[in-house]
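Listed below, chain by chain, are the residues.
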Amino acid sequence: MLIPKTHPRAASLYIREKLVHGFREGLVVEEGLLAHGRGEMFDYLIGEKTTKTSHKAIRAAARALLSAKSPVISVNGNFAALCAKEIVELSKVTGAKIEVNLFYASEKRKKAIAGTLKKNGAKEILGVDPKFSKRIPKLDSARRVVDKRGIFSADVVLVPLEDGDRTIALKKFGKDVITFDLNPMSRTAQTADITIVDNVIRGMGLLIKTCKELSGKDLEEKKFDNKKNLKKSIGTIRKNLRRMANA
Ligand code: ATP
Ligand code: MG
């Protein structure tokens, strides 16, 4: 790591390094680097920290994952490059399956991602064997292929950094969708059932910690209003922009 910890933007530069490393290892595509740039911008606007609102969403997500019958964690290149260790840990804590599901699909990249997850302790990775491919209806070609043992038959799916079309298709297909998305206005953020407006690199550790705390406890349903939560995140951005403009 070349960045001194005392650098004022150490955290975001460290995340960039992880992503560039993932790019060089064949996990991340160029478009993924650009999507990260959009995320960084929103991270800056929410203050580069986990807000109270996001903590609330993380708690709701932990409850949903722990009470699901067949939860699945959907993994793309960026998510694997940033959180490989945490993906495996979350899967162990919740019993969720791990499925590689790519916007820009290629067998080579799927293998690279699966290899990284295995290096981090994952036993079974879905989405890599075409023998188990199934199609989500109402979504165009390559993007609709999922694993019949995974997303196809899941009740709850965690799909971080996801494109809106896919999230909408998953919703139409009857899935409960949890996402991490730094942009509270994106179509994914607005369509999901639970949106954690936080950087995956901060939020995943907190989600694991919360799942560990709640595991084995009585998970009786608690109300969670995603729209209200998203409005609060947009409010945080508005407040920060006003503060920056007046500085
Ligand atoms: P949508 O299709 O949902 O309207 P979009 O087209 O603006 O969103 P996409 O590229 O499809 O964006 O999806 C990537 C999303 O992931 C963006 O909203 C971006 O803010 C978010 N994002 C990028 N990096 C991170 C990260 N490290 N943690 C959390 N969210 C991130
Ligand atoms: Mg999109």
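Note that the coordinates shown come from a computational prediction; the quantities given were computed from them, not determined experimentally. (Residues numbered from 1 in each chain as written. Chains lettered and ligands numbered in written order. Predicted model: local features only at pLDDT ≥ 70, side-chain atom pairs only at ≥ 80, totals over all residues. Heavy atoms only, no water.)

### Thoughts on the overall build of the protein chain
Tallying secondary structure elements over the protein chain gives nine helices and eight strands in all. Over its C-alpha trace the protein chain gives a radius of gyration of 17 Å, about what one expects of a compact globule, namely 18 Å for 247 residues. Expressed as lengths along the three principal axes of its C-alpha atoms, the size of the protein chain is roughly 60 × 45 × 35 Å. Looking at the 247 residues of the protein chain, the share that counts as buried comes to 49%. Of the accessible surface of the protein chain, which amounts to about 12,900 Å², a share of 54% is contributed by carbon and sulfur atoms. (Helix = DSSP H or I, 4+ residues; strand = E, 2+ residues; numbered from the N terminus. Rg over C-alpha atoms; globule rule 2.2 N^0.38 Å. Buried < 20%, exposed > 50% of the residue type's maximum accessible area, 1.4 Å probe, protein only. Areas by Shrake-Rupley, 256 points an atom, 1.4 Å probe, with all protein chains shown as cover.)

### Quick look at the sheet that holds strand β2 (residues 97-100)
The sheet built from six strands is open, its strands ordered β3-β2-β1-β6-β7-β8 with parallel pairing. Strand pairing shows two members of the sheet lacking a second neighbour, β3 (125-126) and β8 (194-196), which therefore form its edges. In this fold helix α3 (residues 52-67) packs onto β1 (71-75), β6 (156-158), β7 (176-180) and β8, with an angle of close to 130° to the strand it touches most, β8. Against the sheet, helix α4 (residues 77-94) engages β1, β2 and β6, with an angle of about 170° to β1. (Pairing = 2+ DSSP bridges. Contact = heavy atoms within 4.5 Å. Axes fitted to C-alpha atoms, helices over the stretch in contact; angles between N-to-C directions.)

### Focus on the packing of aromatic side chains
Here the structure, examined in full by the defined rule, presents one aromatic pair. Summarising the aromatic geometry, the rings of Phe 152 and Phe 173 are spaced 5.3 Å apart at their centres and angled 55° between planes, so their arrangement reads as tilted. Of this pair, Phe 152 sits in the loop between β5 (145-147) and β6 while Phe 173 is found in the loop between α6 (164-172) and β7, placing the two residues 21 residues apart along the sequence. Judged by relative accessible area, which is 25%, Phe 173 ranks as partly exposed. (Phe/Tyr/Trp six-rings, centres within 6.5 Å; stacked < 30°, edge-to-face > 60°.)

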